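Below are the chains, spelled out letter by letter.
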Amino acid sequence: MTGRAERIGLLALPGLSFLAIIYALPLFMLLLKSFQIDGQFSVAEYVTFFSDEYNLNVLWRTLRVALLTTGLALIIAYPTAIIMARVKGFWLSVFLVAMVLPMSVGVVVKAFAWTILFRTRGVLNDTLMSLGITEAPIRMLFTETALVIGAANVFLPFMVLPIYAVLRQMDSRLPEAAASLGATPVFRFMNVTLPLSLPGVVAGSAFTFSLAVSMYVIPSLIVGERQQTLSMLTARSFLYLRNEALGATISSILLVIAISVVLGSSWLANRLGARQ
Amino acid sequence: MTGTDRLALSLSWIIALGCVFFLMLPIVITLAASFTSSAVYTLPPPEWSLRWYQSLERRLGLWDAVALSLNLAVVSTMISLVLGTLAAIAVARGRFQGREAIATFTVSPLMMPGLVVGVALLQFFREIGLRDAYWSLLLGHIVITLPFVMRTLLASMAAFDFSLVDAARTLGLSYPRAILQVLVPNLAPAYLTGGLFAFLASMDNYPISIFLTDARNKTLPIKMLQYLEEQPDPSLAAISSGLILLACIVLIIGSRTVGLNRMIQG
């Protein structure tokens with residue numbers, strides 16, 4: 001029996017070798033390449049990158065947009081997940097369809113739809129003007145606000161669903177028990193519901209942040225070339241500028257950010273899990 | 001229920017309904033914009049018309065892109081289902097160190113920046129001398145689809161009763177046949193949801209594919225963004241509506257066979 005159980009492990013080999021060769025190895029080589037100039041170890045590319053004010057601006061903009069997107073998504077997602085965990089039947093179906101359908105539609109279609117909405121003579125401006133809120137059309141496309149709204153829209157399901165999953169598993173008698181012991185609603189939320197939902201919040205935020213920090217299609221459609229992000233700078237270095245050294249450096253920075261978010265969030269989720 | 005309770009609850013309901021509206025907005029806008037008679041995006045359309053759907057017929061390059069995208073999505077999902085099944089059995093049944101690490105590693109491409117994976121693959125394929133765009137794209141798309149398949153299969157196999165496979169073997173089936181005839185049908189929901197999400201992720205992928213295409217092999221999202229730069233007429237909304245229809249079909253299949261709640265659990 002032990003022999004077979006060990007041999008069963010070999011079944012992982014085809015998939016693992018595939019990912020090792022066609023995913024991990026290329027990423028490792030990319031990272032390695034960013035520390036090399038003419039075959040010699042060097043951090044010169046990083047020094048060049050970080051000493052250029054324009055690049056620092058792009059880095060800061062990328063992080064800021066990702067943080068704002070995560071924050072906006074969390075503000076909308078948390079109450080939504082609370083309601084979803086309470087409802088059943090028809091309303092639950094409405095919420096689930098609203099999550100899963102946009103997730104299935106894909107980012108190119110959604111980013112494109114937001115450009116229609118934000119156009120100078122677009123739906124939003126026409127609505128605002130006909131309601132008499134503004135006189136002249138507001139410039140919305142090509143602004144950071146538009147980017148954050150569009151990005152939060154695309155990544156919202158990835159924030160709602162982990163929080164919903166945690167809240168749905170929570171024993172609904174816990175807040176009731178707290179209430180019967182005389183806990184006020186605020187105390188109940190702060191000391192029962194919120195701590196129990198934190199692992200979902202951490203998972204959702206980590207996922208949303210790492211998607212938002214590396215998004216490409218949404219900013220290139222909504223803000224365009226004028227306000228670069230790290231992803232756009234990477235694509236430009238490779239596809240147009242043919243400056244692969246710069247591209248490898250920026251890719252590696254993006255990779256390090258993504259890996260830190262993944263490791264950091266799983267560490268945090270473990271600690272939160274252990275405390276309960 | 002106290003007053004604070006009721007206030008918090010109604011506020012949550014308002015945000016939750018707003019969230020549903022916000023999520024559905026891009027889909028509704030795209031559908032509405034695709035039926036316009038005008039050459040620009042004005043909403044509501046001055047008159048309803050199918051002209052942009054009719055204009056799709058003449059775009060030959062577009063249909064090549066649709067065919068390539070469908071081909072890549074189907075083939076990469078199939079390969080991922082096979083690789084994923086083997087790996088998930090190993091994680092669920094194997095007795096060796098590092099099973100957790102394998103599970104995390106196989107799902108990790110979901111959290112990695114797609115663009116970075118694309119850049120890495122571009123350089124790697126050049127290094128090993130792989131010049132064929134179709135094969136590059138296919139290998140890249142397996143990296144995209146495999147984590148979706150692994151995520152659902154890992155979750156479902158953890159709950160699967162493997163003594164059923166052992167029972168089938170006692171009754172004379174070989175191990176591979178027992179897996180095919182007992183495990184696979186039992187995990188049909190996981191195959192369906194994992195496969196459907198993998199298929200859609202491959203259909204939609206831009207950031208990895210953009211580095212692996214050549215002039216002749218362009219996938220649908222790449223073609224769409226190219227059209228958007230060259231001639232941003234509402235025919236793009238018509239293509240998008242086709243993709244929305246595809247997503248609706250997938251969703252209906254999924255909810256009929258597996259149920260919506262199980263679809264998102266994976």
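Here the structure is a predicted model, which is why all the values come from computation and not from measurement.

## Description of the overall build of chain A
Piece 1. If you tally the helices and strands in chain A, you get 13 helices and 2 strands.
Piece 2. Counting only C-alpha atoms and orienting by the principal axes, one finds that chain A spans roughly 75 × 70 × 30 Å.
Piece 3. Looking at the 276 residues of chain A, the share that counts as buried comes to 52%.

## Side note on empty space enclosed by the protein
Piece 1. All told, the structure shown has 2 cavities of 30 Å³ or more when counted by the stated rule.
Piece 2. Computed from the structure, the largest cavity encloses a volume of approximately 100 Å³.
Piece 3. When contributions to the lining of the largest cavity are tallied by element, the ones reaching two or more residues are helix 5 (89–105) of chain A together with helix 9 (188–204), helix 10 (220–230) and helix 11 (235–257) of chain B.
Piece 4. Across the lining of the largest cavity, the residue classes tally to 10 nonpolar, 1 polar and 1 charged.
Piece 5. There is about 30 Å³ of room inside the second largest cavity.
Piece 6. Lining the second largest cavity are Thr62, Val65, Ala212, Val213, Met215 and Thr229 of chain A.
Piece 7. Sorting the residues of the lining of the second largest cavity by element identifies helix 4 (53–86) and helix 10 (185–213) of chain A as the ones contributing at least two each.
Piece 8. Residue composition of the lining of the second largest cavity, grouped by class: 4 nonpolar, 2 polar and no charged.

## What to know about the domain arrangement of chain B
Often, the extent of an interface is quoted as the loss of accessible area upon association of its parts.
Piece 1. Structurally, chain B comprises domain 1 (3–52) and domain 2 (62–217).
Piece 2. Its C-alpha centre places domain 1 of chain B at a distance of 34 Å from the equivalent point of domain 2 of chain B.

## Section: the layout of surface pockets
Piece 1. The computed volume of the second largest pocket comes to approximately 1000 Å³.
Piece 2. Along its surface, the second largest pocket is lined by 27 residues, and Ile82, Arg86, Phe189 and Thr193 of chain A together with Asp5 of chain B are the ones closest to its centre.
Piece 3. Looking at the lining of the second largest pocket, the elements that each hand over two or more residues are helix 4, helix 8 (144–169), helix 9 (173–180) and helix 10 of chain A together with helix 1 (3–34) of chain B.
Piece 4. Of the residues contributing to the lining of the second largest pocket, the split by class is 18 nonpolar, 4 polar and 5 charged.

## What about the UniProt feature "domain: ABC transmembrane type-1" (unreviewed entry) in chain B?
Piece 1. UniProt's feature table lists "domain: ABC transmembrane type-1" (unreviewed entry) at residues 66–254 of chain B, given in the numbering used throughout.
Piece 2. For residues 66–254 of chain B, the helix share is 78%, the strand share is 0%, and the end-to-end C-alpha distance is 23 Å.

## Regarding the UniProt feature "transmembrane region" (unreviewed entry) in chain A
All names here are of chain A.
Piece 1. Residues given the UniProt feature "transmembrane region" (unreviewed entry) here are residues 12–32, 58–78, 90–118, 138–165, 202–224 and 245–269.
Piece 2. End C-alpha to end C-alpha, residues 202–224 measures 31 Å, and it is 78% helix and 0% strand.
Piece 3. Regarding residues 245–269, the helix share stands at 100% and the strand share at 0%, and the terminal C-alpha atoms are separated by 36 Å.

## Digging into helix 8 of chain A
Piece 1. Compared with the 38 Å implied by 1.5 Å per residue over 26 residues, the 37 Å span of helix 8 of chain A between its first and last C-alpha is a close match.
Piece 2. Helix geometry: helix 8 of chain A is bent most strongly at phenylalanine 155 of chain A, by close to 50 degrees, with proline proline 157 of chain A lying one to four residues after it.

## Some details on the side chain of lysine 223 of chain B
Piece 1. Here lysine 223 of chain B shows up in helix 10.
Piece 2. Setting aside anything within four residues of it in sequence, one finds lysine 223 of chain B in contact with Gly61, Leu62, Ala65 and Lys218 of chain B.

## Quick look at the domain arrangement of chain A
Residues and elements named next belong to chain A.
Piece 1. In terms of domains, chain A is made up of domain 1 (1–41) and domain 2 (43–274).
Piece 2. Put simply, the middle of domain 1 and the middle of domain 2, counted by C-alpha atoms, are 30 Å apart.
Piece 3. Contact with domain 1, which involves 8 residues of that partner, is made by 10 residues of domain 2.
Piece 4. Where domain 1 abuts domain 2, roughly 770 Å² becomes buried across the two surfaces, and 77% of that area is made up of carbon and sulfur atoms.
Piece 5. At the junction of domain 1 and domain 2, the tally comes to 2 residue pairs in polar contact (both at pLDDT 80 or more).
Piece 6. Of all the elements, helix 2 (residues 13–34) adds the most residues to the side of domain 1 that touches domain 2, at 5 residues.
Piece 7. When the residues that make up the side of domain 1 that touches domain 2 are grouped by side-chain class, the tally is 6 nonpolar, 1 polar and 1 charged.

## A short note on the UniProt feature "transmembrane region" (unreviewed entry) in chain B
Residue and element names in this part refer to chain B.
Piece 1. According to UniProt, the positions carrying the feature "transmembrane region" (unreviewed entry) are residues 12–41, 61–89, 101–122, 134–157, 178–201 and 235–254.
Piece 2. Between the C-alpha atoms that bound residues 61–89 there is a distance of 42 Å. The span itself is 100% helix and 0% strand.
Piece 3. Secondary structure content for residues 178–201 is 96% helix and 0% strand, while the C-alpha to C-alpha distance between its ends is 31 Å.

## Description of the interface of chain B and chain A
Piece 1. With 83 residues of chain B at the interface, the matching set in chain A holds 87 residues.
Piece 2. Between chain B and chain A, roughly 7700 Å² of surface is buried when both sides are summed, and carbon and sulfur atoms account for 81% of that area.
Piece 3. The largest share of the area that chain B buries against chain A comes from Phe22, Leu23 and Met111 of chain B, three residues that together contribute 9% of it.
Piece 4. Summed over the shared surface of chain B and chain A, the result is 1 salt bridge.
Piece 5. Measuring nitrogen to oxygen at the nearest pair gives 2.7 Å for the salt bridge that ties arginine 126 of chain B to glutamate 244 of chain A.
Piece 6. Seen at the junction of chain B and chain A, the total is 5 residue pairs in polar contact (both at pLDDT 80 or more).
Piece 7. It is helix 1 of chain B that provides the largest number of residues to the side of chain B that touches chain A, a total of 19 residues.
Piece 8. Of the residues assigned to the side of chain B that touches chain A, the class counts are 64 nonpolar, 11 polar and 8 charged.

## Some points on the confidence of the model for chain B
Piece 1. Across chain B, the average pLDDT comes to 87, with 96% of residues at or above 70.
Piece 2. In the predicted complex, the global pTM is 0.88; the interface-specific ipTM is 0.87.

## Details of the pattern of salt bridges
Residues and elements named next belong to chain B.
Piece 1. All chains considered together, the criterion is met by 3 salt bridges over all chains.
Piece 2. Residue arginine 93 is joined to aspartate 166 by a salt bridge in which the shortest nitrogen-to-oxygen separation is 3.5 Å. In this pair, arginine 93 sits in helix 3 (residues 60–93) while aspartate 166 sits in helix 7 (residues 163–170), placing the two residues 73 residues apart along the sequence.

## Some details on the state of the cysteines
Piece 1. This structure, assessed with the given rule, holds 0 disulfides over all chains.
Piece 2. Unpaired in terms of disulfides, cysteine 19 of chain B finds its nearest cysteine sulfur in cysteine 248 of chain B, a separation of 18 Å.

Parameters and conventions
Residues numbered from 1 in each chain as written. Chains lettered and ligands numbered in written order. Predicted model: local features only at pLDDT ≥ 70, side-chain atom pairs only at ≥ 80, totals over all residues. Heavy atoms only, no water. Helix = DSSP H or I, 4+ residues; strand = E, 2+ residues; numbered from the N terminus. Buried < 20%, exposed > 50% of the residue type's maximum accessible area, 1.4 Å probe, protein only. 1 Å grid on protein atoms, 1.4 Å probe; cavity = no way out; pocket = protein on both sides within 12 Å on 5 of 7 lines; lining within 4 Å. Points joined across faces, edges and corners; volume = space filled by probe spheres on them. Nonpolar A, V, L, I, M, F, W, Y, C, P; charged D, E, K, R; others polar. Domains from an automatic or database assignment. UniProt positions renumbered as here; feature names shortened; annotations may be inferred. Expected span 1.5 Å × (residues − 1). Bend = angle between axes of the 7 residues up to and from the residue. Contact = heavy atoms within 4.5 Å. Buried area = accessible area lost by both parts, 1.4 Å probe. Polar contact = N/O pair within 3.5 Å; in protein donor to acceptor, adjacent residues only side chain to side chain. Salt bridge = Lys/Arg side-chain N within 4 Å of Asp/Glu carboxyl O. pLDDT = per-residue confidence, 0-100. Disulfide = S-S within 2.5 Å.

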